Structure formats: structure tokens, C-alpha cells
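Chain and residue survey
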Amino acid sequence: MQILTQLVFSGIALGMIYAVIAFGYQLTFATSDTLNFGQGDALMLGAMVGLSLVGLGVNYWLMIPIVCVFGALQGAFVERIGVRPAIKIKSEFGWIMSTIALGIIFKNVAENLWGRDDLKFPSPLPEAPLHFLGANVLPMEILVIVGAVGMMLAVEFFNRKTIYGKAVVATFNDRDAAKLMGINTGLVITFSYALSSMSAAFAGVLIAPLTLTGATMGAVLGLKAFAVAIIGGLTSGMGIILGGIILGVAETTTGFYLSTGYKDVPGLVLLLIVLAVKPAGLFGKSAIKKV
Amino acid sequence: MKFAAKTLSLSLSTLALACSASLAHAEDIKIGVSGPFTGGSSSMGVSMRDGVRLATAEINKAGGVLGKQIVLVERDDEAKNERGVQIAQELINKEKVAATVGYINTGVALASQRFYQEAKIPVMNNVATGSAITHQFDNQPENYIFRNAAHDSIQAPMIVEEAITRRGYKKVAILADSTNYGQLGRADLVKALELKGVKAVAEEKFNIKDVDMTPQLLKAKEAGAEAILTYAIGPELAQIANGMTKLGWKVPMIGSWTLSMANFIDNAGPGGEGARMPQTFIQEPTTPKRQSFIINYLKTFNPKNARIDSPVSAAQGYDSVYLLAAAIKQAGSTDGPKIKAALEDLKTPVEGVVTTYTKPFTKADHDAITANIPVFGEVKGQRVVYAYEADFKKASEVRVKDVNAKGALVIKK
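Every value quoted in this text rests on a predicted model; they were computed, and no experiment measured them.

**A few points about the overall build of chain A**
Per the secondary structure count, chain A includes eleven helices and two strands. When its helices and strands are written in sequence order, chain A yields α-α-α-α-β-β-α-α-α-α-α-α-α. Taken over C-alpha atoms, the radius of gyration comes to 19 Å for chain A, in line with the 19 Å a tight globule of 291 residues would show. Each principal axis of the C-alpha distribution contributes one length, and for chain A these read about 60 × 45 × 35 Å. Out of the 291 residues belonging to chain A, those deemed buried represent 53%. Long-range contacts, defined as pairs at least 24 residues apart, comprise 76% of the intrachain contacts of chain A with a sequence gap of at least 6.

**Let's talk about the environment of A:Arg80**
As for its position among the elements, A:Arg80 is in helix H3 (residues 60-88). Spatially, the C-alpha atom of A:Arg80 lies 27 Å from that of A:Leu51, the residues being 29 residues apart in sequence.

**Observations regarding the domain arrangement of chain B**
All names here are of chain B. The domain boundaries assigned to chain B delineate domain 1 (2-150 + 284-357) and domain 2 (153-279 + 374-393). Each of domain 1 and domain 2 has a C-alpha centre, and these two points are 29 Å apart. Going through the elements one at a time, helix H2 (42-61), helix H4 (106-119) and helix H11 (311-331) are the ones with two or more residues in the side of domain 1 that touches domain 2. Within the side of domain 1 that touches domain 2, the residues separate by chemical class into four nonpolar, nine polar and three charged.

**So, the interface of chain A and chain B**
Counting residues at the interface gives 26 residues for chain A, matched by 26 residues for chain B. Looking at the side of chain A that touches chain B, the elements with two or more residues in it are helix H1 (2-32), helix H8 (185-211) and helix H10 (237-257) of chain A. The leading source of residues in the side of chain A that touches chain B is H1(A), at six residues. The class makeup of the residues in the side of chain A that touches chain B is ten nonpolar, nine polar and seven charged.

**Section: the packing of helix H3 (residues 81-94) of chain B against H4(B)**
Residue and element names in this part refer to chain B. Across the interface, H3 lies against H4 with an axial gap of 8 Å and an inter-helix angle of 20°. Between H3 and H4, the angle is such that the two are roughly parallel. The handedness of the crossing between H3 and H4 comes out as right-handed. Contacts between H3 and H4 pair Asn-81, Gly-84, Val-85, Ala-88, Gln-89 and Ile-92 from the former with Gly-107, Val-108, Ala-111, Ser-112, Phe-115, Tyr-116 and Ala-119 from the latter. Classifying every residue of the contact of H3 with H4 gives eight nonpolar, five polar and no charged.

**What about the packing of H10(A) against helix H7 (residues 214-222) of chain B?**
Closest axis-to-axis distance for the H10(A)/H7(B) pair is 8 Å, and the angle between their directions is 30°. On the basis of the axis angle, H10(A) is roughly parallel to H7(B). Of the two possible hands of crossing, H10(A) and H7(B) adopt the one that is right-handed. Mapping the contact onto sequence places A:Thr252, A:Gly255 and A:Phe256 in H10(A) and B:Thr214, B:Pro215, B:Gln216, B:Leu218 and B:Lys219 in H7(B). Across the contact of H10(A) with H7(B), the residue classes tally to three nonpolar, four polar and one charged.

**So, the environment of B:Ala220**
Residues and elements named next belong to chain B. The topology assignment puts Ala-220 in helix H7. Taking the number of C-beta atoms within 10 Å as the measure of exposure, Ala-220 has 28 and is therefore buried. Residue contacts for Ala-220: discarding those within four places in its chain leaves Ala-173, Ala-202, Glu-204, Ala-225 and Ile-228.

**Considerations on the confidence of the model for chain B**
Residues and elements named next belong to chain B. For chain B, per-residue confidence averages 88 on the pLDDT scale, and 93% of positions sit at 70 or higher. Taken as a whole, residues 18-24 scores under 50 in pLDDT and shows eight contacts with residues more than four places along the chain or in a different chain. Here the predicted complex scores 0.82 on pTM and 0.79 on ipTM.

**Some points on the confidence of the model for chain A**
The predicted coordinates of low-pLDDT regions are not to be read in fine detail. Averaged over chain A, the pLDDT score is 84; the fraction of residues at 70 or greater is 97%. By mean pLDDT, helix H6 (residues 163-173) of chain A is the weakest element of chain A at 78, and helix H2 (residues 39-55) of chain A is the strongest at 90.

**Section: the sheet that holds strand S4 (residues 123-125) of chain B**
Each strand in a sheet pairs with its neighbour through backbone hydrogen bonds, running either in the same direction (parallel) or in the opposite one (antiparallel). All names here are of chain B. Taking strand neighbours across the sheet as the criterion, the five strands line up as S2-S1-S3-S4-S5 in an open arrangement whose pairing is parallel. Across the chains shown, the open sheet's two edge strands, defined by having one partner strand only, are strand S2 (70-76) and strand S5 (145-147). Here the average twist between neighbouring strands, direction ignored, is 25°. Pairing of strand S1 (residues 29-35) with S2, which is carried by seven bridges, proceeds in the parallel orientation. Within the sheet, the bridge partner assigned to Gly-35 lies in S2 and is Asp-76. Strand contacts of H4: S1, strand S3 (99-102), S4 and S5, with the helix running at about 155° to S4, the strand carrying the most contacts. Along the sheet, H11 makes contact with S1, S3 and S4, crossing S3 at roughly 160°.

**Some points on unusual backbone geometry**
With a phi close to 75°, A:Leu212 is a non-glycine residue in the positive phi region. Structurally, A:Leu212 can be placed in the loop between H8 and helix H9 (217-232). A tally of 24 C-beta atoms within 10 Å means that A:Leu212 is categorised as buried. For B:Ala306, which is not glycine, the phi dihedral falls at a positive 50°.

Basis of the calculations
- Residues numbered from 1 in each chain as written.
- Chains lettered and ligands numbered in written order.
- Predicted model: local features only at pLDDT ≥ 70, side-chain atom pairs only at ≥ 80, totals over all residues.
- Helix = DSSP H or I, 4+ residues; strand = E, 2+ residues; numbered from the N terminus.
- Rg over C-alpha atoms; globule rule 2.2 N^0.38 Å.
- Buried ≥ 20, exposed ≤ 12 C-beta atoms within 10 Å, placed from the backbone.
- Contact = placed C-beta atoms within 7 Å.
- Domains from an automatic or database assignment.
- Nonpolar A, V, L, I, M, F, W, Y, C, P; charged D, E, K, R; others polar.
- Axes fitted to C-alpha atoms, helices over the stretch in contact; angles between N-to-C directions.
- Parallel < 35°, antiparallel > 145°, perpendicular 65-115°, else oblique.
- Left-handed = near helix turned anticlockwise from the far one by under 90°.
- pLDDT = per-residue confidence, 0-100.
- Pairing = 2+ DSSP bridges.

Okay, here's the thing in C-alpha cells:
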């Protein structure tokens, strides 16, 4: 029983790492129907910038807002350079290639600036584990969980309660109608990319003390987060959290009860099942496209 | 004094730079250097390269070999097999090197060295440990592949000897990564354990870049493991140490020499203390040769905290150049087959950092390091030190190659 508790806790902590990254995918999808495939690299840039700031002697908590501003600028840049031209010519797939390309460019830049070695991100919280229901949890893992839930609440609140959020929802529902209603949809989309990369940069500094920091850290994590976004549903904040928990717990329990060689399999099988049975995700609203 | 040291280091590094530039004269001796200078294994690659540069600068300063200067042609293989192959072809066909030193990654070495074999150009593997490397061309009459690193069939039995015999653990778990390095090492560990009549209580795998080691560690813990034997590289080894801290379960880590990598020690922090691994060289001035090597290395490359990132790679890199230089001198030529013949029958001993090489190679045996040479290192205070006081005290007696040394796994062909 104790083992299971530990596996579930570790799975939840792992899943929340994926979830905080997955929010970024959702934010851009919610406005423009596009995804930033460079999300993993935005995460890495955030973590690296954060690490440099901490290295300069900036306090961890003070560093977070600076990294968020950096992330927002980086996201706006991606949208202007890579996504807007594709949306303008109504290209279905142009943004896929351009966001991937920008991601690779960011990774190469980071490799040259910071090297390709994995570095340690100093933990702002004590590294000694806490005991909870017979299982061990790191304080940093709890911070990641709080961060993930906090982001979910912020996004849901923003979309449902604020006028700007309504503009975002309107843009998603019908871009042309929203435009006619006087919403600057271009700006809304730029804003959503900025927000998305900001959340990725924030996620980067949040998880870096747990994962090691390096130019290649985004690749695997970005992919896992994408799976979480698909499983949970690209339109539901709640779905991301639950998708993360499902994937994380699936990984740790399979690793223990089946074989560590197969631990990535169940999560991806689940992804295939979800895509086949409920393409909008477990918690996503399936939109009917009228042609 | 400080100024003098600085100018010396400057002049040495410019020398090294000049060496790598393509200003080479026709009568220079070109030696290729292939290793990962970026990426996860770069701490080994860069230390190796710096050791090579240091030895080359010293040899050139003393007049070079056969009256010619050695010029290094350095290439970053990024630990990728396909890059290694491209580089091998470039070094052979375009740069026309007399020999090549390097290779950190077993996979890259195995993929690349057949081009040297075909071109009859010697390769001195100075870091890669895969047992198969020097036996890849056993079926051919001539073998151009040499090595001065401790191969896995030495390391695995050493790890097992340390865990089972010396420290008396009855239950051990094996944790290895899913790469060639990890899985071949895991197989060697299983074989070595079998010879002691022990079976690992758990054998677990993980991927490069995995961030959570909970299931692997819990399995080992549940199976009652008293020690963890590892075969992996720095970052993931650090995640194992961090995972143990998290689970509040601390058993000794004993593993292949990669536990001495700077990115393990730095990323694992206090969790990495006490890890033990076989080492051919530990950064301690135990002989005059080692002392001057360490002083010159620190002066020239000025690594962080006066700690060589990978002392083993640096020392073996340094020695590999001296071995080649001695062979070229004896051969009186830069002709591949002649260098190879000289390497197989070195008349004068070569005093290196790791050991003094007296007849390091024969026609049938292309491995310079035997099971009696490596000692156990331990991570202590963020550096690698001698694990046993007795080894440290006797370190000034250089351990030389002993072809009858017991403890290596017999390689089946």
C-alpha cells in the first residue's frame, strides 16, 4: 500500500510537470486553432534565462516575473514571425513547420549561449523530502502542483470572468464574427502566444530544480506535455490537470508493476485510444465544424 | 608569478590554437582528434581534448617528433555515430592524418574506425570502454585499433568485486540506461555477478532524459537491494542519486567510471557523495609525472574549482599522444603500417600519467590497460578521491600492465 501511495504521489508530481507545460499548448489553441510546437524550447529558454539570473545573484522569487516578461516577448516574437503569416494566407499547416523551425533555432542559440551540458538549477526550497501518508514528497514537487493548479484557475478565471477573456473565447468561436464585433483578433492571437510562452517560461523555472536544466531539456518534456494536452483535451483547463495525472501515474505504476523498459507505452496507448474514441480529449468540448 | 603563469597559459593555449589551425606545413605530422566537445558526454570529450593538447604542446616544445611538429586536427563528433563516420572520412581523405586519437562513445568508435582499418591508419581509443572496440577486426590479419582506456570487461568485474567481496553485499540491483553503453555494461555486470554466484535482485532500465526514477528505485528497494550498481552517464546518474534522496532511501552507488563525471557530481550534490567507481587516474599528485601533469593542466585550461572535469579522460588523452609519438619515433615514419608495427613492439617504455607503458601492446593484445591498473575512486567533497587509503599510500608505485592480471571477463569471439 505504501508503495502504491509513493508511486501515485510521484506520478502526480511527474504529471504536474507535464501539465504546467501543456497549458501553453492550450492557450494558443484557444484563440487561433494553432499550436506552438516550440513549446518545449520556450520552456527551456525560460529555465536557462532563469538559471542565468540566479547565477547573477537574483533571488529565485524575484527572478520569476523577469522570466515571465522574457517568455511573453519570446511568444509574441514567435507569433509575429511564424504564425501570423500562415494565418494571413489561411494556410492550414504553415504554422506547424514555422513553429518547429523557430523551436530548433531557439535550441541552437541556447546551445551556443549556454553550452549543451545539463546544469543544476539551485532549488529555492529545502531538498529534504517531506513525509506524507507514508510516502515521500519533495517540497519542490508540491510547489509544481500548486503552480499547475494556480495556472488552471487563472486561465479559467480569465476566460470566464474578464472582458479580455471573453474576447479570447469569441475569437476562438468565430474569428470573423469577432472581428466584426470590433475585437482586434490579431492582437488577441499575439497576446495568446505571449501568454502561452510566458506560461512555458514560468513552467521552466518551476520544474528546472527537479529536472536538470539544459538546451535539450525541452524535447522530451514538450512531447509528453503534448500527449497530456491531447488526452485531457485542448479546450479544458481541468482536462490538462487530469490528463497530466493520468499520464504521470500510468508511467510510474507501469514502471514498477510491469517493467521499466515499457513505462512510456501505456500513456501513449491511452493517447491513441483517446484520439480514436474521443478526438477532442477526455474533457474537451467537441466542436462541430460547419463547412 | 601570477602574471608569469598567465602568460604561460596564454602562450600554451595559443600554441594549442595554432596547432589546430590549418597553417600546417607539409612536413608537419597531422593527428586527428575525434570526440564529443558538446552535449551530454562533453565533460569527457573536452577533458580528453585538453589532455591531448597539453601533451602535443609539450612534445612540440621539446622539438617535436622526427624533427617535425605535431599538428592536431580536432573535430566534434557530438557523440553521434553518423558525425563520427563523416569525420573519419574527412580526416583520412582530406586531412590525411597519420593517426587519430579519441572516441568517448563506444557506438561512435565502432561505427567510425572501420574507415581507418581500411585505410591502414592507426586509431588510439583513449576513452571509449566498450569491450568490442579492440576486437572489431579480430578476423582480419592486421588490426589498426588500439586502446589505452580501461575496457568494460575489466570494469564490470571490478564493480562486482567491490560490492560483493570487499563490502560484503549479498543483494544488489543493477540500474542501467537504455543506450548501447548501458545495456552492454549491464550484460557484463550480470556475467561478472554470475561468476560470484550472485543474481541481481532487480535489473532496471531508464531512458536518457528521464526525470523520474521512482519506479526503478522502488523496485530495487522492495527487492531489498543493499547497493546499486550503475551503468549510465552523468545526468541520469544524478537523477538516480536525487531520486534516492527523495525516497529517503540511501544505499551505496557503485558503478562504471562515469560516476566520476563532473555533471554527475555537480547535479547530484550531497546525494552523490560516497559513490564509487573504477578509475585509471585520480587527480592527486602521487608521482612527479602526475604532479607536473596536474599543475600544467590547471595552469593551461583553468577548470572551475581547480577540478579537472574528467581527470580520467584528460590523463588518457595525454598518454595517448605520447604513445603515438613514441611509435612514430621508433618507426621513423608516419606510414600507418609502420606506426602500427612499432606500437605492437614498443622498445622503450613510455612514462605516462596513468602508468608507465612497457610493451603496452602486442600483435594479439591491443589494450594497454589490464585489470590490475585501475583503482577505486570515491566522490567526496565534490571531487573524486582514492576510496581506499591503502591505494593512495601505494599510488606512487606505478601499476604497470600485467597480462596475467586476474579479474577481466573473458571475451568470447
